[in-house]
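# Examining the three-dimensional arrangement
As a plain string of letters, each chain reads:
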Amino acid sequence: MTSPHAHLRQSSSAPPRLLAGSILLVVAALVATVLALAAAAAEDEARFTDSAEAGGHQAAVDTLAGWGYFEDTECDTDMFCPWDPVDRWVMAVWLVRALGYKPYNTDTSRFADVSADEW
């Protein structure tokens, strides 16, 4: 005789699916939050004179600029230059800031393409 709840048993692959679903839900919530913040920032004036060139990413660029992520890494005065390649040191600064770390000062560089006076 089978249990009346036999159809409710989960297969051995259910926990990974549940975990994947939970991760997807968290990522979706984070994306929705960033998009909402970006939309709110879009109502403010642009942070850069050329941020409109970022197209659909203008609101995100302006939001991140408002949070100070791009401070002292602009390509020119009041410019973001969305179509220019990003130097590795600039991306490193953005990532350090996004992760909430504080940069430390040093007199040397471990990278041949980054001078010691850069971040």
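These lines cover the structure that appears in this document, whether it is placed above or below.

Rules behind the numbers
Here, residues in each chain are numbered from 1, in the same order as that chain's written sequence. This being a predicted model, a pLDDT of at least 70 is required before a residue's local features are given, and a value of 80 or more before pairs of side-chain atoms are given or counted; all residues contribute to the totals for chains, interfaces and linings. Note that the side-chain values use all heavy atoms of the structure and ignore hydrogens as well as water. The rule for a disulfide is simple: a pair of cysteine sulfur atoms within 2.5 Å. Candidate patch residues must exceed 30% relative accessible area and have no salt bridge, after which like charges are joined if within 9 Å and Val, Leu, Ile, Met, Phe, Trp or Tyr side chains if within 5 Å. Computed with the Shrake-Rupley method and a 1.4 Å probe, the accessible areas treat only the protein chains shown as cover for residues. The salt bridge definition used is simple: a Lys or Arg side-chain nitrogen within 4 Å of an Asp or Glu carboxyl oxygen. Counted as positive: Lys and Arg. Counted as negative: Asp and Glu. His and the chain ends are not counted at all. Every charge is mapped onto a representative atom, which is NZ of Lys, CZ of Arg, CG of Asp or CD of Glu. A run of H or I in DSSP counts as a helix once it spans at least four residues, and a run of E counts as a strand once it spans at least two, with each numbered from the N terminus. With a 1.4 Å probe rolled over the protein chains alone, any residue whose accessible area is under 20% of its type maximum counts as buried; one over 50% counts as exposed, and the rest are partly exposed. What the arc measures is the spread of directions leading from the helix axis to the C-beta atoms. When two rings of Phe, Tyr or Trp (its six-membered ring) have centres within 6.5 Å they constitute a pair, described as stacked for plane angles under 30 degrees, edge-to-face for angles over 60, and tilted for the intermediate range.

### A closer look at the state of the cysteines
Enumeration over the complete set of coordinates arrives at 1 disulfide. Disulfide partner of Cys75: Cys81, at an S-S distance of 1.9 Å. Here the S-S torsion is close to 75 degrees, and the disulfide linking Cys75 with Cys81 is therefore right-handed.

### Regarding a negative patch on the surface
On the surface, a cluster of negative charge is made up of Glu71, Asp72, Glu74, Asp76 and Asp78. Of note, Asp76 is situated in the loop between α2 (58-66) and α3 (88-98).

### Concerning α3
Every buried residue belonging to α3 is among Trp89, Val90, Val93, Trp94 and Arg97, and all of these are buried. Around the axis of α3, the buried residues are gathered within 140 degrees of arc, so they sit on the same side. In the segment just after α3, Gly100 is the residue with positive phi, at about 85 degrees.

### What about the packing of aromatic side chains?
Tallied over the entire structure, the rule returns 6 aromatic pairs. Between Phe48 and Phe80, the ring centres sit 5.4 Å apart and the planes meet at 35 degrees, which makes this aromatic pair tilted. With a gap of 32 residues between them, Phe48 in the loop between α1 (14-43) and α2 and Phe80 in the loop between α2 and α3 connect regions that are remote in the sequence. Taking 4.8 Å as the distance between ring centres and 70 degrees as the angle between the ring planes, the aromatic pair formed by Phe70 and Trp94 counts as edge-to-face. Of this pair, Phe70 sits in the loop between α2 and α3 while Trp94 sits in helix α3, placing them 24 residues apart in sequence. For Phe70, a relative accessible area of 6% corresponds to the buried category. Grouped by ring-pair contacts, the aromatic residues Phe48, Phe70, Phe80 and Trp94 constitute a single cluster.

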